[in-house]
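Report on the structure
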Amino acid sequence: MSITTPRLSAAEELASPHLATGIKKATYRLLPMLMVLYFVAFLDRTNVGFAEEAMEIDRGISAAAYALGAGIFFIGYALFEVPSNLLLKRFGARFWLARIAVSWGLVATAFAFVNGDKMFVLLRFLLGVTEAGLFPGILLLLSDWFPNRRRVQIIAFFYLSLPFSQMVGAPMSGGLISFGHAYTPWSGWQVMFFVEGMMAVIAGLIALFVLVNSPQEASFLTAQEKHAMQSVMDTENAIRHEDGPRGIGAALVSWKVWYFTVIYFCLQAAIYGITFYLPQQVSGLIGQGVGWQVGLVSAIPWLFGMFALHYVGKHAGTVRRRRRWGTALYLSTGTATFISAWATAGGQSLLGLVAITVAICSFLAVSPVTWAFPTSFLTGVAAAAGIGLINSLGNLGGFVAPLMRTGINEALPTDTGAWGIVSLGLFGLLAAAMMWCTRFFGSKADTLL
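A few points on the structure. (Residues numbered from 1 in each chain as written. Predicted model: local features only at pLDDT ≥ 70, side-chain atom pairs only at ≥ 80, totals over all residues. Heavy atoms only, no water.)

All right, on to the overall build of the protein then. Secondary structure assignment for the protein yields 20 helices and zero strands. Taking all 449 residues of the protein together, 59% fall into the buried category. Partitioning the contacts of the protein with sequence separation of at least 6, the portion at a separation of at least 24 is 83%. (Helix = DSSP H or I, 4+ residues; strand = E, 2+ residues; numbered from the N terminus. Buried < 20%, exposed > 50% of the residue type's maximum accessible area, 1.4 Å probe, protein only. Contact = heavy atoms within 4.5 Å.)

On to the layout of surface pockets, then. If you add up the space inside the second largest pocket, you get close to 290 Å³. Along the wall of the second largest pocket there are 15 residues; nearest its centre are T27, R150, Q153, I154 and F157. Mapped onto the lining of the second largest pocket, the elements with two or more residues apiece are α2 (17-46), α8 (148-159) and α15 (292-315). Tallied by class, residues from the lining of the second largest pocket come to eight nonpolar, four polar and three charged. (1 Å grid on protein atoms, 1.4 Å probe; cavity = no way out; pocket = protein on both sides within 12 Å on 5 of 7 lines; lining within 4 Å. Points joined across faces, edges and corners; volume = space filled by probe spheres on them. Nonpolar A, V, L, I, M, F, W, Y, C, P; charged D, E, K, R; others polar.)

Inspection of the secondary structure assignment puts E53 in helix α3 (residues 48-59). Distance in space between the C-alpha atoms of E53 and W189 is 9.8 Å, their sequence separation being 136 residues.

Moving on: a nonpolar patch on the surface. Taken together, the side chains of I300, L303, F304 and F307 make up a nonpolar region of the molecular surface, amounting to roughly 400 Å² of accessible area. Its place among the elements puts F307 in helix α15. (Patch = residues over 30% accessible without salt bridge, like charges linked within 9 Å, V, L, I, M, F, W, Y side chains within 5 Å. Areas by Shrake-Rupley, 256 points an atom, 1.4 Å probe, with all protein chains shown as cover. Salt bridge = Lys/Arg side-chain N within 4 Å of Asp/Glu carboxyl O.)

The next thing to look at is the packing of α2 against helix α9 (residues 161-183). Here α2 crosses α9 at 50°, and the two axes come no closer than 9 Å. Considered as vectors, α2 and α9 are oriented oblique to each other. For the pair α2 and α9, the crossing hand works out as right-handed. Residue-level inspection shows M35, Y38, F39, F42, L43 and T46 of α2 in contact with α9, the latter providing S161, L162, F164, S165, Q166, V168, G169, M172 and S173. Its residues placed into classes, the contact of α2 with α9 shows nine nonpolar, six polar and no charged. (Axes fitted to C-alpha atoms, helices over the stretch in contact; angles between N-to-C directions. Parallel < 35°, antiparallel > 145°, perpendicular 65-115°, else oblique. Left-handed = near helix turned anticlockwise from the far one by under 90°.)

Here is the structure:
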């Protein structure tokens, strides 16, 4: 039997106690599983940093192949991102996200058997193909469950899986390498790839039984909670449908979608330009080989990043605050990257680690703020196409950053590769300027905040 209630204003809908309890239940039910999926995804993307030197010795993987493989992941990711998102809308987030996790987990496991440059590059490409759609699919699921006013906080909560994957994943990867060398007949890097790849397969199988596509399908919500959540999302979707692009084609040519694609490209260039080489940079700063010690020190910036995510997510509830936070955090990302390069070149270990920590805190905290803007005007299949486009082309920053860093270091060689690091800081400054310019945008969805 359906429940009939008087039509409430948007403010009354957001103040509903049933909405509050529904959001709380959904947070506890959905977020842990989504965080686990992204935890293992980011781990499998970046654990090659711990295996670079060992793979060069054991399998002859060249520095050029490593740089190409580190970035070509994003080519496969970009090519299949939008199609994957559209298929998610067809088959449902629960099934499709689980399928993605199992597929990429199998490919990640295959890295344990790499035997040369060609196989390494091919597997990195396939890893991007199989993981395509995971992150934007999670964003689509969250935008179907949580209203705009709470979205930065919810996305920030979800993003905690990223620093957690590095805080726990860095010593885990280093530990698996050490364990493999000491207690197995295989190389340590092979053990690391196999174990961390199988983690994704297991997580995908569990997700199939845990995730729920929408509030109306949730058995853990009461009828009143379902109604309250669906009502507020219907209100937001109506505004997004009126204010944003309608349909796949309109989303793919929308200037706002392309604007945020450029911002996200800058963000990804900053993130992956640092994370791919973080173990090597930390190793140089502390004078230790890659292993337990480097893994533990590499975890420190991500620990502080978790606090930054929580604080910004909690305080960026309005459009004005989101813009101010976004601009400031992109500025600090670029500035801290410059300082880390200078400190590394000067052999100042403590200053270098502090600068790396500030950069990581900044680009972590700015990520949910950035995604709050496009998810406020995209809905339906336009959201699937638009969010997929932003994420796929934006992620090409992760392809460009390692190649650009390597190319600049070859053109301007130094013992520490400082000029390659400096080049990455410029992306943060460009993104800061673009984020500040969003003050000239007009959006009807802003009135809900």
